[in-house]
Amino acid sequence: SADVLARNIGRQDVVKATLLSLISGRPAFFLGAPGVNKTGTVQALAKRVSGAVFHEELMSVVASADQLFVDSTSIEETATPGGGKEIRVKSKLGRAVGAHIFFADEIWKGDSRVLQAVLDLAKGDGVRHEGTMVKTPLLAFLAASNELPDPEGNLGAMWSRMTIRVEVKPLDRAGKTRLVKARLERQKGAATGGGALSLQNIEIMRAARPHVAVPDGIVEIVLEIYETLQKDHPGQFDWLWSDDRRFGRVFDVLQANSLLDGRTAVAKSDLAVLEWLLWDSPEQIGVVKAVLAPYSRTPF
């Protein structure tokens with residue numbers, strides 16, 4: 001992480017959210033304007049995972065599911081009993097199907113039929129191909145856009161799958177200054193330290209994640225936070241209380257965060273990550289942070 005952040009200034013949230021996605025298996029979404037280095041940071045981190053296949057797609061130019069999943073096609077010709085010939089087009093799967101980390105850029109600009117195929121991929125159950133479900137090695141489904149889906153549209157199912165939601169803002173003055181220095185160092189060829197993370201490492205952490213304890217007290221606090229949001233901000237967080245699936249997955253991410261911090265049980269300090277899990281529109285982010293603050297502060 002330190003090596004990636006030395007070259008991708010101010011993108012701690014993107015790195016942390018990507019690692020949480022890898023370990024929890026839950027999709028992550030990055031909201032931010034073009035040019036804030038969402039894709040570049042993810043690419044840099046993916047390169048640090050030795051043996052990992054990274055695949056990215058600009059969803060606005062993908063016309064069909066085959067463009068996402070089919071690596072090549074071939075024509076097979078077989079003889080029929082009547083002396084004729086039968087022609088069959090055979091597809092060889094690849095591209096996104098073979099990826100350990102998949103990044104869907106400009107996701108909400110994709111064709112609705114393509115996004116249905118992407119939804120299958122995001123679920124982690126495999127993808128439909130020629131009438132059957134094909135298992136994929138996917139570890140992290142990541143997406144980005146400079147906008148949110150139309151609340152009146154048909155993308156609600158896809159948006160609800162984005163468990164981890166991170167707003168990526170442009171660098172401030174100090175960040176831009178550090179960016180210039182980092183670019184100069186990189187252009188000079190200055191080496192940075194840091195080793196690689198193996199796929200085996202990730203699989204070990206994914207297997208360990210369910211064994212991270214979730215104390216009853218933590219569950220009660222999360223429920224209290226949910227109730228506070230719903231009570232103090234009528235109508236804004238009804239969607240959150242209604243989404244039982246998200247409530248369960250919140251704890252997957254809390255466990256992953258605890259594991260990344262070297263603990264075997266979820267603690268109050270892990271609750272800070274809820275700021276990426278409890279909003280549906282950017283206007284709600286500040287509200288969520290304010291409610292979380294008293295719970296996630298560590299003792300002096």
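Whatever comes next refers back to the structure up there.
So, a few notes on the structure that sits alongside this text. (Residues numbered from 1 in each chain as written. Predicted model: local features only at pLDDT ≥ 70, side-chain atom pairs only at ≥ 80, totals over all residues. Heavy atoms only, no water.)

**Some words on the sheet that holds strand β3 (residues 54-58)**
- Strand order in the open sheet formed by five strands is β3-β6-β9-β1-β10, and the pairing between neighbours is parallel. The strands lining the two open edges of the sheet, one partner per strand, are β3 and β10 (164-167). The average undirected angle you get between the axes of adjacent strands in this sheet is 15°.
- Bridge count for β3 against strand β6 (residues 101-105) is five bridges, and the pairing is parallel. Note on β6: the bridge partner recorded for E56 is F103. (Pairing = 2+ DSSP bridges. Helix = DSSP H or I, 4+ residues; strand = E, 2+ residues; numbered from the N terminus. Axes fitted to C-alpha atoms, helices over the stretch in contact; angles between N-to-C directions.)

**Comments concerning the pairing of strand β1 (residues 28-31)**
- In β1, alternate side chains face the same way, and those of A28 and F30 on one face and F29 and L31 on the other are all buried.
- Relative to strand β9 (residues 140-145), β1 is paired through four bridges, and the arrangement is parallel. Bridged to A28 within β9 is L142.
- Across four bridges, β1 lies against β10 in parallel orientation. When the bridges of β10 are listed, A28 appears paired with I164. (Buried < 20%, exposed > 50% of the residue type's maximum accessible area, 1.4 Å probe, protein only.)

**Examining the pattern of salt bridges**
- Going through the model one piece at a time under the given rule, you end up with ten salt bridges.
- The salt bridge involving D261 is made with R263; its shortest N-O contact spans 3.9 Å.
- In this structure D261 comes out as partly exposed when scored by relative accessible area, which is 44%.
- Taking the relative accessible area as the measure of exposure, R263 reaches 24% and is therefore partly exposed.
- K289 is the partner of E275 in a salt bridge, and the nearest nitrogen-oxygen pair spans 3.8 Å. Of the two residues, E275 sits in the loop between α11 (244-260) and α12 (285-296) while K289 sits in helix α12, which places them 14 residues apart along the sequence. (Salt bridge = Lys/Arg side-chain N within 4 Å of Asp/Glu carboxyl O.)

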